[in-house]
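Examination of the molecular architecture
The residues making up each chain are set out below.
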Amino acid sequence: MEQTLLNKTIQFLKRSLAIPLLIFLTTFIEIYWAMGSLSERVSSGNPDSSFFDDAYLMSVFTTIILTVVFLTFYFIKNKPIRITIQLLCLISVWFFLNYCIFVDRESSWSTYLFKEELHYTFSLSFLPIVVLSIVTIFGLKFISKKYELK
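Residues numbered from 1 in each chain as written. Predicted model: local features only at pLDDT ≥ 70, side-chain atom pairs only at ≥ 80, totals over all residues. Heavy atoms only, no water.

1. Focus: the packing of helix α2 (residues 51-73) against helix α3 (residues 79-105)
- Running from amino to carboxyl end, α2 crosses α3 at an angle of 160°, the nearest separation of the two axes being 11 Å. Taken together, the axis directions place α2 and α3 in an arrangement best described as roughly antiparallel. In terms of crossing hand, the pair formed by α2 and α3 is right-handed. On the side of α2, the interface is formed by Phe-51, Asp-54, Met-58, Thr-62, Leu-66, Val-69, Phe-70 and Phe-73, while α3 contributes Arg-82, Ile-85, Gln-86, Cys-89, Leu-90, Val-93, Leu-97, Cys-100, Ile-101, Asp-104 and Arg-105.
- Residue composition of the contact of α2 with α3, grouped by class: 13 nonpolar, two polar and four charged. (Axes fitted to C-alpha atoms, helices over the stretch in contact; angles between N-to-C directions. Helix = DSSP H or I, 4+ residues; strand = E, 2+ residues; numbered from the N terminus. Parallel < 35°, antiparallel > 145°, perpendicular 65-115°, else oblique. Left-handed = near helix turned anticlockwise from the far one by under 90°. Contact = heavy atoms within 4.5 Å. Nonpolar A, V, L, I, M, F, W, Y, C, P; charged D, E, K, R; others polar.)

2. Considering the nonpolar core
- Within the largest apolar cluster, 25 residues are counted, with the highest numbers of intra-cluster contacts made by Ile-19, Ile-31, Met-35, Phe-70, Trp-94, Ile-101 and Leu-140.
- Contributions of two or more residues to this core are made by α1 (2-35), α2, α3 and α4 (114-146).
- Not counting the four nearest positions on each side in its chain, Ile-19 is found in contact with Thr-67, Leu-71, Tyr-74, Leu-140 and Ile-143. (Core = buried A, V, L, I, M, F, W, Y, C linked by side-chain atoms within 4.5 Å. Buried < 20%, exposed > 50% of the residue type's maximum accessible area, 1.4 Å probe, protein only.)

Take a look at the structure:
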């Protein structure tokens, strides 16, 4: 009995550490892939901050929030619904982060309309978001199967 509880606790801790690592890495890669062309531009919010600093901090905060959200989604037993919700959350958050970077490093220095900001952000973000969200969802599925609580 005690060994079973220990095994379940270890499996839960492994899953609880693997999910944030996956989310952090894919978020950081996605930001650099999608918005890396803006890395040499100066931030309008904080001219002293580098693109790496922005990407790192955004990835850390996103990891914390999405880990909590995704772990709560494991209570949804219907896997297609759970995966769809996770995918929508991930895509929404990543697009929002990319939009914030675009506004901070590009459009705030110019005269973009809101529709133009969305259009440019979408055009820069589409491929990285699609590819890395699929990788992330398959990674989450793999982690949940590997460290499944039995």
